[in-house]
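The residues making up each chain are set out below.
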Amino acid sequence: MDNTNLQERLVQKFGEQIFGFEENFGILKLYADKNINLKIMQFLYDEEDLAFRFLTDLTAVHYPNQEGAELEVTYLMYNMYRNQHIRLNFGLDINQPDIFTATKLFETSNWLERECYDFYGVNFVGHPNLIRVMNVDEMDYHPLRKEFPLEDQTRRDKDDEMFGRGGDFSYGNMNIKG
Amino acid sequence: MGKVKSKKKGNINLPEGSLEKKTITLNLGPTHPATHGVFQNILEIDGEIIKSAVPTVGYIHRAFEKIAERRPLYQITPLTDRLNYCSAPLNNLGWHMTVEKFVGIEVPKRASYMRVIIMELARIADHIVCNSIMGVDTGAFTGFLYMMKYRELIYEIYEEICGSRLTTNIGRIGGFERDFTEAAWEKINKLVTEFPDVLTEFENLFVRNRIFMDRTQGVGGISAERALNYGFTGPNLRAAGVDYDVRIAKPYSRYDEFEFDIPVGTTGDCYDRFQVRGQEMWQSLSIIKQALAKIDALEGEEATLYHADAPDFYLPLKKDVYTKMEALIYHFKIIMGEVEMPVGEIYNSIEGANGELGYYLVSDGGRSPYRLHFRRPCFIYYQAYPELIVGGMISDAIITMSSLNLIAGELDA
């Protein structure tokens with residue numbers, strides 16, 4: 001089953017709910033409504049001809065300019081027999097970043113989801129132990145969000161415009177509670 | 001019936017028959033010498049039997065994914081060194097190959113074969129550490145000393161090639177910074193001729209050793225199904241019987257031209273992991289031999305190339321920078337991080353020494369990645385650690401940890 005068939009198969013099942021298909025270096029990528037993330041993953045897992053039964057990777061990306069879908073959670077599923085990947089993206093509102101957990105399906109996603117929560121504040125509904133995995137528990141912000149600058153702000157040579165993308169991010173305050 | 005009896009002991013008031021009364025909480029780590037790195041496990045033990053374990057990670061978290069968002073491409077390589085520092089060249093070259101694939105650089109044959117040699121050397125070095133440390137943890141120090149001599153030789157080879165030993169920053173985007181020196185080739189040949197004897201000797205010490213077998217067989221086992229569900233990759237997955245290897249599944253750096261076997265185990269226990277790593281060292285040696293032969297067989301211009309012709313990304317030779325205008329311009333552009341990437345995203349993975357090492361690069365057309373995520377194999381499979389050790393002894397937990405080949409730097413990114 002190549003990526004075109006895979007796309008057809010998914011469109012047959014989910015219709016309008018999935019969109020934005022593209023192919024990056026052989027990996028089919030699609031966007032879907034965040035409420036059906038488990039349904040899609042379960043479908044990909046269960047169907048004999050699809051059988052994506054390995055979760056390779058799970059992470060999130062922050063796009064501050066996408067109103068209503070600032071956080072993108074991205075799952076990379078893999079079929080070992082056919083050697084085929086599929087990437088599922090779900091856009092979340094940064095004010096209410098809720099998405100269902102995949103821990104029931106893949107043990108892999110346990111810590112990866114905790115990492116996403118730690119770095120981006122994605123709230124995985126139903127996760128058995130959603131606490132920070134890398135940073136201290138007292139931290140009250142999510143450091144990989146784009147509002148946090150990396151370098152000393154007085155240095156012009158490290159501004160975003162020097163890296164080819166205008167420096168108009170709003171810099172927030174970083175606080176760690178005592 | 002109906003009434004809960006309780007015994008008062010000091011300040012603790014526990015109902016009769018409660019689990020808490022029987023178990024002791026033990027902090028294994030974070031700086032215990034037997035854990036080989038910064039690993040903390042909060043164990044509940046009943047005598048010597050582990051009842052539950054809660055691993056804590058993040059002690060040496062250095063936010064590489066965040067830092068990478070502000071680094072030009074060539075400055076990300078040193079960050080990857082510090083992930084799996086037991087096999088840093090694999091991380092470096094994996095990153096280079098990801099960028100090359102993303103921007104579309106074709107690396108010449110010879111550079112690919114040279115990379116294969118370095119990557120297999122790194123795999124051997126990593127497996128040497130892991131397997132000999134397993135010996136140390138079961139009480140056999142001898143094997144460790146025999147093998148370390150050859151890890152030292154591998155580090156000397158790195159030194160000949162890139163000037164450093166542990167955090168190598170080896171190669172460049174597009175190939176290698178310079179051709180291998182005569183001394184480097186000599187040392188590679190020395191390793192290929194001398195190492196098999198030592199490896200045989202090492203295996204004689206361990207493979208059919210009654211004490212070692214008793215300590216490792218049936219310890220820390222996992223079924224293939226559970227291993228897949230936990231996202232195991234690399235030797236740990238292969239020990240459970242799944243022949244998944246990125247070198248075969250998605251060949252990179254011309255691995256498809258090489259002949260090698262994928263050793264698999266059956267039970268996924270510590271002994272199988274040890275055996276799989278041992279066999280992989282033999283396969284790596286054979287791959288290095290094949291690569292040496294392939295390099296020898298190259299003719300004409302191909303026999304001297306060690307980097308791709310990609311002026312936007314490959315740092316020019318220093319002597320050209322001083323004498324040629326164009327080289328000076330590209331040198332300046334690359335060093336100042338003024339090279340722009342195309343828009344898009346890529347997931348590229350290589351077979352790291354302990355599993356599938358993936359790079360997820362999202363680019364918005366800037367000069368540094370918009371988002372760079374490392375798929376760190378041991379962060380993913382370390383989750384299974386409680387399941388592997390619960391019900392066993394504390395000493396089994398130690399040997400299971402060393403057999404998993406956990407690297408703290410990779411775990412905590």
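Small disclaimer: the values here were computed from a predicted structure and weren't measured.

So, how was this worked out
Residues numbered from 1 in each chain as written. Chains lettered and ligands numbered in written order. Predicted model: local features only at pLDDT ≥ 70, side-chain atom pairs only at ≥ 80, totals over all residues. Helix = DSSP H or I, 4+ residues; strand = E, 2+ residues; numbered from the N terminus. Buried ≥ 20, exposed ≤ 12 C-beta atoms within 10 Å, placed from the backbone. Rg over C-alpha atoms; globule rule 2.2 N^0.38 Å. pLDDT = per-residue confidence, 0-100. Pairing = 2+ DSSP bridges. Axes fitted to C-alpha atoms, helices over the stretch in contact; angles between N-to-C directions. Contact = placed C-beta atoms within 7 Å. Parallel < 35°, antiparallel > 145°, perpendicular 65-115°, else oblique. Left-handed = near helix turned anticlockwise from the far one by under 90°. Nonpolar A, V, L, I, M, F, W, Y, C, P; charged D, E, K, R; others polar. Core = buried A, V, L, I, M, F, W, Y, C linked by C-beta atoms within 7 Å. Expected span 1.5 Å × (residues − 1). Bend = angle between axes of the 7 residues up to and from the residue.

1. Regarding the overall build of chain A
Along the backbone of chain A there are 3 helices and 7 strands. Shown N-terminal to C-terminal, the secondary structure of chain A runs as helices and strands in the order α-β-β-α-β-β-β-β-α-β. Within chain A, the proportion of its 178 residues that are buried is 34%.

2. Thoughts on the overall build of chain B
Along the backbone of chain B there are 18 helices and 8 strands. Here chain B has a C-alpha radius of gyration of 24 Å; the compact-globule value for 413 residues is 22 Å, and the two agree. Along the three orthogonal principal directions, the C-alpha set of chain B runs to about 90 × 50 × 35 Å. Counting all 413 residues of chain B, 50% fall into the buried class.

3. Some details on the confidence of the model for chain B
Taken residue by residue, chain B gives an average pLDDT of 88. The fraction at 70 or more is 95%. As scored by the predictor, the complex reaches a pTM of 0.88 and an ipTM of 0.86.

4. Focus on the sheet that holds strand S2 (residues 27–32) of chain A
Residues and elements named next belong to chain A. Read across the open sheet, the 5 strands follow the order S1-S2-S5-S4-S3; overall the sheet is mixed. Only two strands of the sheet have a single partner each, and these edge strands are strand S1 (18–24) and strand S3 (54–62). The mean inter-strand angle of the sheet, taken between neighbouring strand axes irrespective of direction, is 20°. As paired strands, S2 and strand S5 (residues 84–92) are joined by 5 bridges and run parallel to one another. Following the sheet pairing, Leu30 is matched in S5 by Leu88. Lying on the sheet, helix H1 (residues 3–14) is in contact with S1, S2 and S5; it crosses S1 at an angle near 170°. Relative to S5, helix H2 (residues 37–46) is tilted by about 170°, and along the sheet it contacts S2, strand S4 (71–79) and S5.

5. Considerations on the pairing of strand S8 (residues 371–375) of chain B
Residue and element names in this part refer to chain B. Across the 5 residues that make up S8, a large majority, 5, are buried. In terms of strand pairing, strand S7 (residues 356–364) meets S8 through 5 bridges, oriented antiparallel. Its bridge partner being in S8, Leu361 is matched across the sheet by Leu372. The antiparallel pairing of S7 with S8 creates a hairpin that spans 6 residues between the two strands, and Gly365 there sits at a positive phi of about 90°.

6. Thoughts on the sheet that holds S7(B)
Within a sheet, adjacent strands bond to each other through the backbone by hydrogen bonds, running parallel or antiparallel. Residues and elements named next belong to chain B. Pairing within the open sheet is antiparallel, and its 3 strands lie in the order S6-S7-S8. Looking along the sheet, the strands with just one partner apiece sit at the ends: strand S6 (343–351) and S8. Adjacent strand axes in the sheet meet at a mean angle of 10°, parallel and antiparallel pairs treated alike. Here helix H4 (residues 88–103) sits on the sheet in contact with S6 and S7, set at roughly 145° to S6.

7. Observations regarding the packing of helix H12 (residues 270–297) of chain B against helix H17 (residues 394–403) of chain B
Residue and element names in this part refer to chain B. Two numbers describe how H12 lies on H17: the axes approach to 10 Å, and their chain directions differ by 25°. Comparing the axis directions of H12 and H17 gives the class roughly parallel. The two elements H12 and H17 cross, and the hand of that crossing is left-handed. Contact with H12, carried on its side by Cys270, Arg273 and Phe274, involves Ile399, Thr400 and Ser403 of H17 and no other residues of that element.

8. Some remarks on the pairing of S2(A)
Residues and elements named next belong to chain A. Taken together, the 5 bridges between S1 and S2 define a ladder with antiparallel strand orientation. Each bridged residue has a counterpart across the sheet, and for Glu22 the counterpart in S2 is Lys29. Remark: 2 residues form the turn of the hairpin made by S1 and S2, two consecutive strands paired antiparallel; Phe25 in that turn has positive phi of roughly 50°.

9. Regarding the interface of chain B and chain A
With 37 residues of chain B at the interface, the matching set in chain A holds 30 residues. Going through the elements one at a time, helix H2 (64–67), helix H9 (224–229), S6, S7, S8 and helix H15 (377–381) of chain B are the ones with two or more residues in the side of chain B that touches chain A. Residues that form the side of chain B that touches chain A fall into these classes: 13 nonpolar, 12 polar and 12 charged.

10. Remarks on the packing of helix H7 (residues 182–206) of chain B against H12(B)
Axes are the key here: two packed helices are described by the angle between their axes and the distance separating the axes. Residue and element names in this part refer to chain B. Two numbers describe how H7 lies on H12: the axes approach to 11 Å, and their chain directions differ by 170°. As summarised for this structure, H7 and H12 are arranged roughly antiparallel, according to the angle between their axes. Seen from H7, the contacting residues are Val192, Phe195, Pro196, Leu199 and Glu203; seen from H12, they are Gly278, Met281, Leu285, Ile288 and Lys289. Broken down by class, the residue content of the contact of H7 with H12 amounts to 7 nonpolar, 1 polar and 2 charged.

11. Thoughts on the nonpolar core
Generally speaking, nonpolar side chains in soluble globular proteins are found buried as a group. Membership of the largest hydrophobic core comes to 149 residues, with the highest contact counts inside it found for Met77(A), Cys116(A), Val122(A), Ile117(B) and Leu121(B). For this core, the leading source of residues is helix H5 (residues 109–137) of chain B, giving 15 residues. Here Cys116(A) is in contact with Leu58(A), Thr59(A), Ala60(A), Val73(A) and Val122(A), once residues within four sequence places are set aside.

12. Topic: the environment of Gly171(B)
Residue and element names in this part refer to chain B. Summarising the element assignment, Gly171 is placed in the loop between helix H6 (142–162) and H7. For Gly171, a count of 24 C-beta atoms within 10 Å translates into the label buried. On a C-alpha basis, the gap between Gly171 and Phe232 in space is 29 Å, while along the polypeptide they are 61 residues apart. When sequence neighbours within four positions are dropped, the list of residues in contact with Gly171 reads Asn92, Leu93, His96, Phe176 and Glu177.

13. Examining H7(B)
Residue and element names in this part refer to chain B. Along its 25 residues, H7 runs 36 Å from first to last C-alpha, staying within 8% of the 36 Å computed at 1.5 Å per residue. In the structure, H7 departs most strongly from a straight axis at Glu194, where the bend amounts to approximately 35° and where the proline Pro196 lies between one and four residues downstream. Turning to H7, its buried residues are Ala184, Lys187, Ile188, Leu191, Phe195, Leu199, Phe202 and Phe206. Where the residues of H7 are buried, they touch H5, H6, helix H8 (210–216) and H12.

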